[in-house]
Amino acid sequence: QVQLVESGGGLVQPGGSLRLSCAASGSIFSIYAMGWYRQAPGTQRELVASITSGGSTNYADSVKGRFTIYRDNVKNTVYLQMNSLKPEDTAVYYCKANIQNYYYDVRSLDYWGQGTQVTVSS
């Protein structure tokens, strides 16, 4: 069993910063890609940023230059540093990790965090 526990969300003013954290624990042999998604009311969930096990990153156009995704492979944790926040960044943010659970089983599964609310408002 794997759990992804998110933290760091909250209320921030436009132009402010937040750092989201997502720590994976449980039956983990290897963690492959990790990412952050978000969903605002009335919208579909969208990819914000992703990072491979080797550290290659991708970002949504809307957050390029403002957000940074990085990971600590020792702590099994992925972070999203969010700077210059805008009201349109308001959403529930979810982390995802693709995880191989056992060394003897090559299959991997996607796991999702519980979501953390980010509200950008003055």
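Up top you'll find the structure we're talking about.
Residues numbered from 1 in each chain as written. Predicted model: local features only at pLDDT ≥ 70, side-chain atom pairs only at ≥ 80, totals over all residues. Heavy atoms only, no water.

Asker: Talk me through the overall build of the chain; I want residue IDs and the actual numbers.
Answerer: Regarding its fold elements, the chain presents zero helices and 11 strands. Each helix and strand of the chain, placed in order from N terminus to C terminus, yields the pattern β-β-β-β-β-β-β-β-β-β-β. For the chain, the C-alpha radius of gyration of 14 Å lies close to 14 Å, the compact-globule estimate for 122 residues. The buried share of the chain, taken over its 122 residues, is 41%. If you take every contact in the chain between residues at least 6 apart in sequence, the share linking residues at least 24 apart comes to 56%. (Helix = DSSP H or I, 4+ residues; strand = E, 2+ residues; numbered from the N terminus. Rg over C-alpha atoms; globule rule 2.2 N^0.38 Å. Buried < 20%, exposed > 50% of the residue type's maximum accessible area, 1.4 Å probe, protein only. Contact = heavy atoms within 4.5 Å.)

Asker: Account for unusual backbone geometry, with residues named and values stated.
Answerer: Although it is not a glycine, asparagine 76 adopts a positive phi angle of roughly 55°. Inspection of the secondary structure assignment puts asparagine 76 in the loop between strand E7 (67-72) and strand E8 (77-82). Exposure remark for asparagine 76: the relative accessible area of 24% places this residue in the partly exposed category. Its identity as a non-glycine residue notwithstanding, serine 84 has a phi of 50°, on the positive side. With respect to the helices and strands, the residue serine 84 is situated in the loop between E8 and strand E9 (91-102).

Asker: An account of the pattern of salt bridges is requested, with residue identities and associated values reported.
Answerer: Within this structure, the stated rule accounts for five salt bridges. Measuring nitrogen to oxygen at the nearest pair gives 2.7 Å for the salt bridge that ties aspartate 105 to arginine 107. Residues participating in the shared-partner salt-bridge network are Arg38, Glu46, Arg66 and Asp89. (Salt bridge = Lys/Arg side-chain N within 4 Å of Asp/Glu carboxyl O.)

Asker: Run through a nonpolar patch on the surface, naming residues and quoting values.
Answerer: A cluster of nonpolar side chains, contributed by Phe29, Tyr102, Tyr103 and Tyr104, occupies part of the molecular surface with about 530 Å² of accessible area. With respect to the helices and strands, the residue tyrosine 103 is situated in the loop between E9 and strand E10 (105-112). On the basis of relative accessible area, tyrosine 103 is assigned to the exposed category, the value being 62%. (Patch = residues over 30% accessible without salt bridge, like charges linked within 9 Å, V, L, I, M, F, W, Y side chains within 5 Å. Areas by Shrake-Rupley, 256 points an atom, 1.4 Å probe, with all protein chains shown as cover.)

Asker: Can you explain the sheet that holds strand E1 (residues 2-7)? Please cite residues and give values.
Answerer: An order of E1-E3-E8-E7 is seen for the four strands of this open sheet, with the pairing classed as antiparallel. In this open sheet, the two strands that pair with only one neighbour each are E1 and E7. Ignoring strand direction, the axes of neighbouring strands in this sheet form an average angle of 15°. Pairing of strand E3 (residues 18-26) with E8 involves six bridges; the strand directions are antiparallel. Its bridge partner lying in E8, leucine 18 is registered against methionine 82. (Pairing = 2+ DSSP bridges. Axes fitted to C-alpha atoms, helices over the stretch in contact; angles between N-to-C directions.)

In short, geometric facts, not functional conclusions.
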